[in-house]
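Read off the chains here:
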Amino acid sequence: MDDHDVFEFLVKHVIAPPGRWVLEQVGDPDPTEVASLVTGLAFWAFVVLLVFALVLGW
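Note that the structure is a prediction, hence the values are computed from the model and not measured. Once a new chain begins, its residue numbering starts again from 1 and follows that chain's sequence as written. Residue-level local features of this predicted model are given only where pLDDT is at least 70; pairs of side-chain atoms are given and counted only at 80 or more, and the full residue set underlies all totals for whole chains, interfaces and linings. Side-chain metrics in this entry use all non-hydrogen atoms of the structure; hydrogen atoms and water are not considered.

Strands here are runs of E lasting at least two residues and helices are runs of H or I lasting at least four, both read from the DSSP assignment and numbered beginning at the N terminus. To estimate how far a helix should extend, the number of its residues minus one is multiplied by 1.5 Å. In this model, helix α1 (residues 3–25) (23 residues) spans 32 Å end to end at C-alpha, consistent with the 33 Å of a helix rising 1.5 Å per residue. Considering bend angle alone, the principal kink of α1 is centred on A16 and spans about 45°; proline P17 follows within four residues of it. Under the scheme applied here, a residue whose accessible area is under 20% of the maximum for its type counts as buried, over 50% as exposed, and between as partly exposed, the area being computed with a 1.4 Å probe on protein chains only. Buried residues of α1: V11, I15, A16, P18, G19 and L23, and no others. Contacts are assigned to residue pairs that have any heavy atoms within 4.5 Å of one another. Where α1 is buried, its residues touch α2 (33–56). What the bend at a residue measures is the angle between two axes, fitted to the seven residues ending there and to the seven starting there.

Mapped onto the elements of the fold, T39 is located in helix α2. Overall, the relative accessible area of 19% leaves T39 in the buried class. What qualifies as a polar contact is a pair of N or O atoms within 3.5 Å, subject to a donor-acceptor requirement within protein and to the restriction that residues adjacent in sequence count only when both atoms come from side chains. For T39, the side chain forms a polar contact with the main-chain oxygen of A35, separated by 2.7 Å. Aside from chain neighbours lying at most four places away, what touches T39 is G19, V22 and L23.

Next up on the list: the packing of α1 against α2. At a minimum axis distance of 7 Å, the contact between α1 and α2 shows a crossing angle of 95°. The angle between the axes of α1 and α2 places the two elements in the roughly perpendicular class. The segment α1 lies against α2, with V11, V14, I15, A16, P18, G19, R20, V22 and L23 engaging E33, A35, S36, L37, T39, G40, L41, F43 and W44. Tallied by class, the residues present in the contact of α1 with α2 amount to twelve nonpolar, four polar and two charged. To define axes, lines are fitted to C-alpha atoms, for helices over the stretch in contact only, and angles between the resulting N-to-C directions are given on a 0 to 180 degree scale. Between 65 and 115 degrees an angle is taken as roughly perpendicular, under 35 as roughly parallel, over 145 as roughly antiparallel, and anywhere else as oblique. Under this grouping Gly is polar, as are all residues other than the nonpolar Ala, Val, Leu, Ile, Met, Phe, Trp, Tyr, Cys and Pro and the charged Asp, Glu, Lys and Arg.

The following block contains the structure:
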């Protein structure tokens, strides 16, 4: 698998779908790919922050 293929797979199947779901929940019935990507990155950053907080016992 090429590096480009791995990056494309991660964006299309791991990062963008949660972003698309979040945007649909707040009222955007057909979000753009860029909006889905940015929102997906924010979503996963929030998840990582929550896990980090749980591990540290905040």
